[in-house]
Amino acid sequence: MVVLKKGYVSKIVKRHPRDSFMIATKLPAWELKSADDVERVFNEQLERAGVDYFDFYLLHSVEDGNNYDTYVKYDCFNWCMDRKKEGKIKHFGFSFHGSPELLEEILDKHPEVEFVQIQLNYLDRTNPVVRSQKLYEILRDRNIPIIVMEPVRGGMLANMAPEIEEKFKNRQPEKSVASWALRFVGSLPGVMTILSGMSSEAQMEDNLTTFKNFEPLADDELATIDEVTEDILSIPQIGCTACKYCCDGCPMKISIPDVFRTINTLRRYPDDWRSKNFYQGVVQRHGKAADCIACGQCESVCPQHLPIIELMKEAAEILDK
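*Asks:* Break down the side chain of Ser-275 for me, citing the residues and quoting the values.
*Replies:* Take Ser-275: it is sitting in helix H13 (residues 273–282). Its relative accessible area of 9% is what places Ser-275 among the buried residues. For Ser-275, the contacting residues outside a window of four places in its chain are Thr-262, Thr-265 and Leu-266.

*Asks:* Hey, could you go over the environment of Ser-34 for me, with residue numbers and the actual values?
*Replies:* Position of Ser-34 among the secondary structure elements: in the loop between strand S1 (24–27) and helix H2 (35–49). Relative accessible area serves as the criterion here: at 27%, Ser-34 is assigned to the partly exposed category. In this structure, the C-alpha to C-alpha distance between Ser-34 and Ile-318, residues 284 residues apart in sequence, is 47 Å.

*Asks:* Give a description of the side chain of Ser-176 that names residues and reports values.
*Replies:* Within the fold, Ser-176 resides in the loop between helix H7 (162–171) and helix H8 (177–186). Once you skip the residues sitting within four places of it in the chain, Ser-176 turns out to touch Lys-169 and Asp-206.

*Asks:* Outline the packing of helix H5 (residues 100–109) against helix H6 (residues 132–141), listing residues and values.
*Replies:* Close contact between H5 and H6 brings their axes to 9 Å; oriented N to C, the two are set at 20°. Considering their axes alone, H5 and H6 lie roughly parallel with respect to each other. Both H5 and H6 take part in a crossing whose hand is right-handed. In contact with Pro-100, Leu-103, Glu-104 and Leu-107 of H5, H6 contributes Lys-134, Leu-135, Ile-138 and Leu-139. Tallied by class, residues from the contact of H5 with H6 come to six nonpolar, no polar and two charged.

*Asks:* Please set out the state of the cysteines residue by residue, giving values where relevant.
*Replies:* Summed over all chains, the structure comprises zero disulfides. Here Cys-292 is not disulfide-linked; the sulfur of Cys-298 is the nearest cysteine sulfur, at 6.1 Å. Cys-292 gets classed as partly exposed once you look at its relative accessible area, which sits at 26%. Take Cys-295: it sits in no disulfide, and the sulfur closest to it among the cysteines is that of Cys-298, at 6.0 Å.

*Asks:* Can you lay out the packing of aromatic side chains for me, pointing to particular residues and giving the numbers?
*Replies:* Evaluated as defined, the whole model comprises 13 aromatic pairs. Ring geometry for Phe-94 and Phe-96: centres 6.0 Å apart, planes at 65°, overall edge-to-face. Given the relative accessible area of 0%, Phe-94 is considered buried. An aromatic cluster of three or more residues is present, and its members are Tyr-68, Phe-77, Phe-92, Phe-94 and Phe-96. One Lys or Arg, Lys-90, reaches over the ring of Tyr-53 and ends 4.7 Å from the middle of that ring. The ring of Phe-278 carries the charged tip of Arg-261 above its face, separated from the ring centre by 4.5 Å.

What counts, and at which threshold
Throughout, residues of each chain are indexed from 1 in the direction in which the sequence is written. Only residues with pLDDT of 70 or above have their local features reported here, since the model is predicted, and side-chain atom pairs are shown and tallied only from 80 upward, although totals for entire chains, interfaces and linings are computed over all residues. For side-chain calculations, the full set of non-hydrogen atoms in the structure is used, while hydrogens and water are omitted. A helix here means a DSSP run of H or I that spans at least four residues, while a strand means a run of E at least two residues long, and both kinds are numbered starting from the N terminus. Three labels apply to residues, based on accessible area from a 1.4 Å probe with only protein chains included: buried if under 20% of the type maximum, exposed if over 50%, partly exposed otherwise in between. Two residues form a contact once any of their heavy atoms are found within 4.5 Å. Between the N-to-C directions of two axes lies an angle of 0 to 180 degrees, each axis being a line fitted to C-alpha atoms and, for a helix, fitted only over the stretch in contact. An angle counts as roughly parallel when it lies under 35 degrees, as roughly antiparallel when it exceeds 145, as roughly perpendicular when it falls between 65 and 115, and as oblique in every other case. Definitions for this section: a left-handed crossing has its near helix turned counterclockwise from the far helix by less than a right angle. A right-handed crossing has that turn clockwise. Note that Gly is not counted as nonpolar here; it falls among the polar residues with everything else outside the nonpolar set of Ala, Val, Leu, Ile, Met, Phe, Trp, Tyr, Cys and Pro and the charged set of Asp, Glu, Lys and Arg. By definition, disulfides here are pairs of cysteine sulfur atoms that lie within 2.5 Å. In this analysis, rings of Phe, Tyr and Trp, with Trp reduced to its six-membered ring, are considered paired at centre separations within 6.5 Å, and the interplanar angle assigns stacked below 30 degrees, edge-to-face beyond 60, and tilted for intermediate values. Two conditions define a charge sitting above a ring: the NZ of Lys or the CZ of Arg must be within 6 Å of the ring centre, and it must be within 35 degrees of the ring normal.

Nothing here speaks to function; it is geometry throughout.
Next up, the structure:
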């Protein structure tokens with residue numbers, strides 16, 4: 001499956017027979033302000049793509065709270081099934097970012113769902129927020145095909161600390177670190193499609209090579225992945241709870257928890273460009289780590305008794321040079 005930018009789909013449609021390719025798209029909850037918007041958005045999508053039907057249609061980013069509540073409010077599950085009866089949708093599902101409890105609730109109410117897209121990679125198996133292992137198990141128990149997003153965790157599992165990457169390279173020097181992440185999800189039963197973002201031709205070729213002659217992970221390779229996972233998760237993290245007591249009296253208006261959030265990610269993933277972009281957005285509204293004047297106000301109110309002044313020096317070295 002190849003994901004194309006807006007405008008490119010209609011060009012493909014004009015050049016190739018409709019049954020020679022498949023198109024997937026999503027209904028975004030944040031575009032829905034009334035029941036009429038569901039039909040309007042869907043028809044606009046068909047028109048922009050230049051097609052009469054979508055092969056795969058998803059409710060976008062189903063999660064606890066507003067998004068799921070919106071889909072329920074406008075009866076989107078049943079609406080999509082009606083479009084399926086009309087032939088305008090061939091396969092119906094949703095992408096999911098919510099809790100395991102919500103996933104089970106939805107599937108109990110809507111057994112007609114044909115597939116679910118979840119974030120799944122070897123690092124997020126025990127992530128207390130993502131809980132991908134539990135989501136995977138729920139879908140497998142119900143025999144629902146799975147589309148995997150974030151198999152390389154936004155590129156994080158392709159760029160790790162050298163001493164961690166070495167464990168993969170010692171096993172298979174000719175294979176990329178990213179290929180291990182892709183083989184992990186590709187080896188799992190029930191996975192229908194794996195979505196991998198690529199930003200270069202070399203990355204595309206590497207992904208194609210990985211799956212062209214696909215080799216499921218052997219038990220000893222799974223042991224290596226478990227070891228790498230443990231190494232990544234054991235990297236010391238700043239124990240900030242984001243209470244923000246430190247922010248109220250900071251004379252330089254530094255968003256200290258956001259700085260620590262960035263550093264924690266970069267300690268595990270030194271080349272994570274998304275964290276650096278996040279930091280750049282933070283300092284457009286707040287002070288930089290390098291602006292710290294070591295007044296100590298933050299340390300005097302920190303419930304975790306963190307050495308904030310020293311941590312700000314580390315952050316400034318990494319983020320502000």
